[in-house]
Amino acid sequence: MSEHLVLAMPKLPAQAIALLRQEFDVHHLAPDEAKDLPPGLSGRVTAIATPGRDPGLGGQLGPGLLDQLPRLAIISSFSSGLDGIDVEAAFARGIVIGHAPDVLAEPVADIALGLAIDIMRGITAGDRYVRAGRWAGEGGMPLATSLGGRRAGILGLGRIGKALARRLAACGMQVAYTGRARQADIPYAFVPTLSQLATESDILFCSCPATPETESIIDAGILSALGPNGFLVNIARGSVVDEDALIAALREGRLKAAGIDVCRNEPHADPRLLDVPNLVVLPHLGGSTEETRLGMFEAMAENLRLHFAGKPVAYPYRPY
């Protein structure tokens, strides 16, 4: 019997569990086991492996479970965002948190750029137009908006934000960003406030973490600052956007179009989102490639491997 037992959260995919079992002793937690762990389990668990976003506990991975695990030393997530973990509760108990930010940066940035091209050039809208027989009956669609020369604002210039900025610059866009502080050796303009960034942008991208500070940070005021010719793309988390305000702005013509890869209460998207023609909604595709998902699982395992070897984890989580 290993001295370390990894507790796999209920929604950890089978492929991830199989990978962990190649090296570790793993117990795959059933949802109904979380309130009262099986006898003999509590004192053996030294690590948790989790999806990060939705552990499958009917809420966050928090004190209710952590308090049952006196030897727990590390939580390793295969996701970059950790809104499914009570980070403060974990840190207060001296628990290390590892995640997988690097492997996600490029594919999530691809989706962000794809959404931008879609909503500015009308790709899915054009597809619907042809399928409905309107091209033959009504002629061409209204003219779209070019990316080149437009001003792109990025909220949160982390790994994903930087990967996105490179893509936008390659499309000929003027890139600026905002965050907690100006970053050194960054070739993009820093704007001190989100409101100013929205005012000065043609399209605003959300790539910030989901934290209490970023809850509904994209509100009616920010959407108003973007204006009736503005565009919004969200590849962060659904919680950063006030969906009521977004729906109203799009329906009333106070925002031209939006594209979101994330929404609140996933996968149960608000039905109103699906009834807004100038909104493109994706089912959280950012990291959904075979190569990316395997890399995420491997990063999760690597963090555990290093920790058990007494070394710093490769990808430690640090608060935003």
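The structure we're discussing is the one just above.
Just so it is clear, the model here is predicted, and its values are computed rather than measured.

Student: Before we go on, may I ask you to explain the environment of tyrosine 177 in this structure?
Tutor: Within the secondary structure, tyrosine 177 sits in strand β7 (residues 174-178). Relative accessible area serves as the criterion here: at 2%, tyrosine 177 is assigned to the buried category. Tyrosine 177 sits 13 residues away from leucine 164 along the chain, and the two C-alpha atoms are 11 Å apart. Those residues in contact with tyrosine 177 that lie beyond four places of it in its chain are Ile154, Leu157, Arg182, Gln183, Ile186, Tyr188, Ala189, Phe190, Val191 and Leu197.

Student: Explanation requested: the sheet that holds strand β5 (residues 96-98) in the structure shown.
Tutor: In sheet architecture, strand pairing relies on hydrogen bonds along the backbone and comes in two forms, parallel and antiparallel. Read across the sheet, five strands follow the order β2-β1-β3-β4-β5 without closing on themselves; strand pairing throughout is parallel. A strand with exactly one partner marks an edge of an open sheet, and here the two such strands are β2 (25-28) and β5. The sheet shows a mean angle of 25° between the axes of neighbouring strands, direction not considered. Strands β1 (5-8), β2 and β3 (45-50) of the sheet are contacted by helix α1 (residues 14-21), whose axis makes an angle of about 155° with β2. The strands that helix α11 (residues 290-308) touches are β1, β3, β4 (74-77) and β5; relative to β4, the one it contacts most, it runs at about 155°.

Student: It is not clear to me how the sheet that holds strand β11 (residues 257-260) should be interpreted in this structure. Could you clarify?
Tutor: Here seven strands make up an open sheet; going across it, the order is β8-β7-β6-β9-β10-β11-β12 and the pairing parallel. Either end of the sheet is taken by a strand with one partner, and the two such strands are β8 (189-190) and β12 (279-281). Strands β9 (203-206), β10 (231-234), β11 and β12 of the sheet are contacted by helix α4 (residues 102-121), whose axis makes an angle of about 150° with β10.

Student: Is there a simple way to think about the pattern of salt bridges in this case?
Tutor: The final tally for this structure, using the stated rule, is 19 salt bridges. Residue arginine 237 is joined to aspartate 83 by a salt bridge in which the shortest nitrogen-to-oxygen separation is 2.8 Å. Within this pair, whereas arginine 237 is found in the loop between β10 and α10 (243-251), its partner aspartate 83 is found in the loop between β4 and α3 (87-92), the two being separated by 154 residues in sequence. Judged by relative accessible area, arginine 237 falls into the buried class, the value being 10%.

Student: Explain the side chain of serine 201 to me, please; I cannot follow it from the model alone.
Tutor: Relative to the assigned elements, serine 201 resides in the loop between α8 (194-199) and β9. Judged by its relative accessible area of 5%, serine 201 falls in the buried class. A polar contact of 2.6 Å, which involves the side chain of serine 201, links it to the backbone oxygen of leucine 197. Among all residues touching serine 201, those that are not within four sequence positions of it are Arg151, Ala152, Gly153 and Leu226.

Student: What is the right way to read the layout of surface pockets from this model?
Tutor: Empty space among the atoms becomes visible once a probe the size of a water molecule is rolled across them. In this structure, the second largest pocket occupies an estimated 500 Å³ of space. Ile119, Gly122, Ala125, Met141 and Pro277 are the residues nearest the centre of the second largest pocket, which is lined by 23 residues in total. Counting residues per element, the lining of the second largest pocket draws most heavily on helix α5 (residues 123-131), at five residues. Residue composition of the lining of the second largest pocket, grouped by class: 14 nonpolar, four polar and five charged.

Here is what the cut-offs are and how they apply
Residues numbered from 1 in each chain as written. Predicted model: local features only at pLDDT ≥ 70, side-chain atom pairs only at ≥ 80, totals over all residues. Heavy atoms only, no water. Helix = DSSP H or I, 4+ residues; strand = E, 2+ residues; numbered from the N terminus. Buried < 20%, exposed > 50% of the residue type's maximum accessible area, 1.4 Å probe, protein only. Contact = heavy atoms within 4.5 Å. Pairing = 2+ DSSP bridges. Axes fitted to C-alpha atoms, helices over the stretch in contact; angles between N-to-C directions. Salt bridge = Lys/Arg side-chain N within 4 Å of Asp/Glu carboxyl O. Polar contact = N/O pair within 3.5 Å; in protein donor to acceptor, adjacent residues only side chain to side chain. 1 Å grid on protein atoms, 1.4 Å probe; cavity = no way out; pocket = protein on both sides within 12 Å on 5 of 7 lines; lining within 4 Å. Points joined across faces, edges and corners; volume = space filled by probe spheres on them. Nonpolar A, V, L, I, M, F, W, Y, C, P; charged D, E, K, R; others polar.

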